[in-house]
Amino acid sequence: MSTIIEQADRRTFLKTSSGLVAGLAMGGSLTEAMAKATGNTAYSIPLGVYAAYDKADFLRQSGCAYIEESVAGFLIPEGGDAGYEKNLQQLKSEHFPIKSYVILLPASLKTLGPEANHEAILQRTETVLKRAKECGSQFVVFGSGASRIIPDGFDRAKAKAQHIELTQKMAPIAEKYGVTIAVEPLNRGETNFINSLAEGVEIVDAVKSPRVKLLCDIYHMLKEDEPASEIVKYGKHIVHCHIAEKEKRTPPGVKGDDFRAYLGALKKIGYKGGLSIECFVYTDFEKEAKRGVEVLKQQLSEV
């Protein structure tokens with residue numbers, strides 16, 4: 001019996017040792033090589049930050065895999081077509097990918113209610129998705145909370161039907177350009193419609209398109225006291241994620257929020273998409289964004 005155990009231990013040792021040597025030979029650290037050899041690899045996913053594209057080089061050096069821009073900042077800028085062409089050339093020269101774009105619609109374009117303007121929204125969506133494809137991007141985030149606020153006294157069922165009808169019309173455009181529209185639930189401080197992953201999935205299920213999926217924003221989940229278990233429940237629909245600290249939407253590491261329950265849920269569903277720090281106000285962008293990436297990497301490694 002002892003001989004059999006010794007032989008098994010020797011085989012395990014040789015296997016682990018060969019894995020260590022292979023890992024080190026490929027330029028990995030000793031810790032990484034040991035993790036791979038023993039099958040105990042830390043969970044990691046591509047990280048990005050929502051920022052203007054002139055921050056691309058800094059974010060690349062800070063360990064980001066991509067940047068997230070805004071529709072109005074990059075695809076439909078104030079400079080019109082010439083402004084977009086300038087942005088596109090900058091993207092081509094920097095070679096740092098823009099994975100997705102936020103704020104598809106301005107507040108003036110309503111998806112529902114008596115002032116709903118689907119024709120104008122569809123025209124804008126056509127331009128946005130066409131340009132997103134030209135930029136090699138994967139997603140356009142359909143949050144736009146101010147455009148989907150249900151007016152006081154307006155029938156909620158009718159509002160929902162309007163929004164679904166619009167999204168159904170947007171879907172073929174997304175399919176044509178191969179860019180996915182990511183429906184984003186937002187907290188009730190920003191809008192009174194689609195405030196949870198479950199409500200986002202209702203839209204996705206109604207549209208039934210491979211190019212209309214769900215965005216999981218951990219900041220909004222925290223604001224709505226939505227448990228991490230909802231990520232597991234609706235994981236098959238999730239294609240992209242956002243994150244920020246709960247109190248003031250600061251980057252990870254400012255207030256010290258612990259996101260590991262939510263990151264652990266992403267790991268449980270086998271999520272390999274992007275996770276973007278989405279904040280709108282920084283005290284010191286470079287310091288806080290870099291720290292945010294470091295904190296996320298650390299917490300991801302611990303789930």
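See the structure printed just above.
Described in the following lines is the structure provided in the data block. Because the structure is predicted, anything quoted here is derived from the model rather than measured.

What counts as what
- Residues numbered from 1 in each chain as written.
- Predicted model: local features only at pLDDT ≥ 70, side-chain atom pairs only at ≥ 80, totals over all residues.
- Heavy atoms only, no water.
- Buried < 20%, exposed > 50% of the residue type's maximum accessible area, 1.4 Å probe, protein only.
- Helix = DSSP H or I, 4+ residues; strand = E, 2+ residues; numbered from the N terminus.
- Arc of directions from axis to C-beta.
- Contact = heavy atoms within 4.5 Å.
- Axes fitted to C-alpha atoms, helices over the stretch in contact; angles between N-to-C directions.
- Parallel < 35°, antiparallel > 145°, perpendicular 65-115°, else oblique.
- Left-handed = near helix turned anticlockwise from the far one by under 90°.
- Nonpolar A, V, L, I, M, F, W, Y, C, P; charged D, E, K, R; others polar.
- Salt bridge = Lys/Arg side-chain N within 4 Å of Asp/Glu carboxyl O.
- Patch = residues over 30% accessible without salt bridge, like charges linked within 9 Å, V, L, I, M, F, W, Y side chains within 5 Å.
- Areas by Shrake-Rupley, 256 points an atom, 1.4 Å probe, with all protein chains shown as cover.
- Pairing = 2+ DSSP bridges.

All right, on to helix α11 (residues 260-268) then. Looking at α11, one finds that the buried residues are Tyr262, Leu263, Ala265 and Leu266. Down the axis of α11, the smallest arc covering the buried residues is 155°, so these residues share one side. Pointing more than 90 degrees away from the buried face of α11 are the exposed residues Ala261 and Lys268. Turning to α11, the residues buried within the fold contact α9 (218-223), α10 (229-233), β7 (238-243), β8 (275-277) and α12 (285-302). Just beyond α11, the residue with positive phi is Gly270, at close to 70°.

Attention shifts here to the packing of helix α7 (residues 156-177) against helix α8 (residues 197-207). As a packed pair, α7 and α8 sit with axes 9 Å apart at the nearest point and diverge in direction by 55°. Regarding the angle of α7 to α8, the classification is oblique. With respect to the hand of their crossing, α7 and α8 are arranged in right-handed fashion. Here Lys160, His163, Ile164, Thr167, Gln168 and Ala171 of α7 lie close against α8, whose contacting residues are Glu202, Ile203, Ala206 and Val207. Classifying every residue of the contact of α7 with α8 by side-chain character gives five nonpolar, three polar and two charged.

This paragraph deals with the pattern of salt bridges. Scanning the model with the defined rule gives 14 salt bridges in all. Residue Asp57 is joined to Arg60 by a salt bridge in which the shortest nitrogen-to-oxygen separation is 3.5 Å. Taken as a pair, Asp57 and Arg60 lie in helix α3 (residues 56-61) at a separation of three residues, close to a single helical turn. With relative accessibility at 35%, the residue Asp57 sits in the partly exposed group. Given the relative accessible area of 30%, Arg60 is considered partly exposed.

A word on a nonpolar patch on the surface. A surface patch of nonpolar side chains, about 300 Å² in accessible area, is lined by Ile103, Phe280 and Val281. Note on placement: Phe280 falls in the loop between β8 and α12. Judged by relative accessible area, Phe280 falls into the partly exposed class, the value being 44%.

Moving on: the sheet that holds β8. Overall, parallel pairing links the eight strands, which are arranged β1-β2-β3-β4-β5-β6-β7-β8 in a closed barrel. When the angles between neighbouring strand axes are averaged without regard to direction, this sheet yields 30°. Bridge count for strand β1 (residues 47-50) against β8 is three bridges, and the pairing is parallel. Counted as the bridge partner of Gly48 is Ser276 from β8. Where α12 meets the sheet, it contacts β1, β7 and β8, and its direction lies at approximately 150° from that of β1.

Here we come to the environment of Arg291. Locating Arg291 in the fold gives a position in helix α12. Since its relative accessible area comes to 43%, Arg291 is described here as partly exposed. Here the alpha-carbon distance between Arg291 and Gly253, two residues 38 residues apart in the chain, equals 6.3 Å. What Arg291 contacts, discounting residues up to four positions off in sequence, is Pro252 and Gly253.

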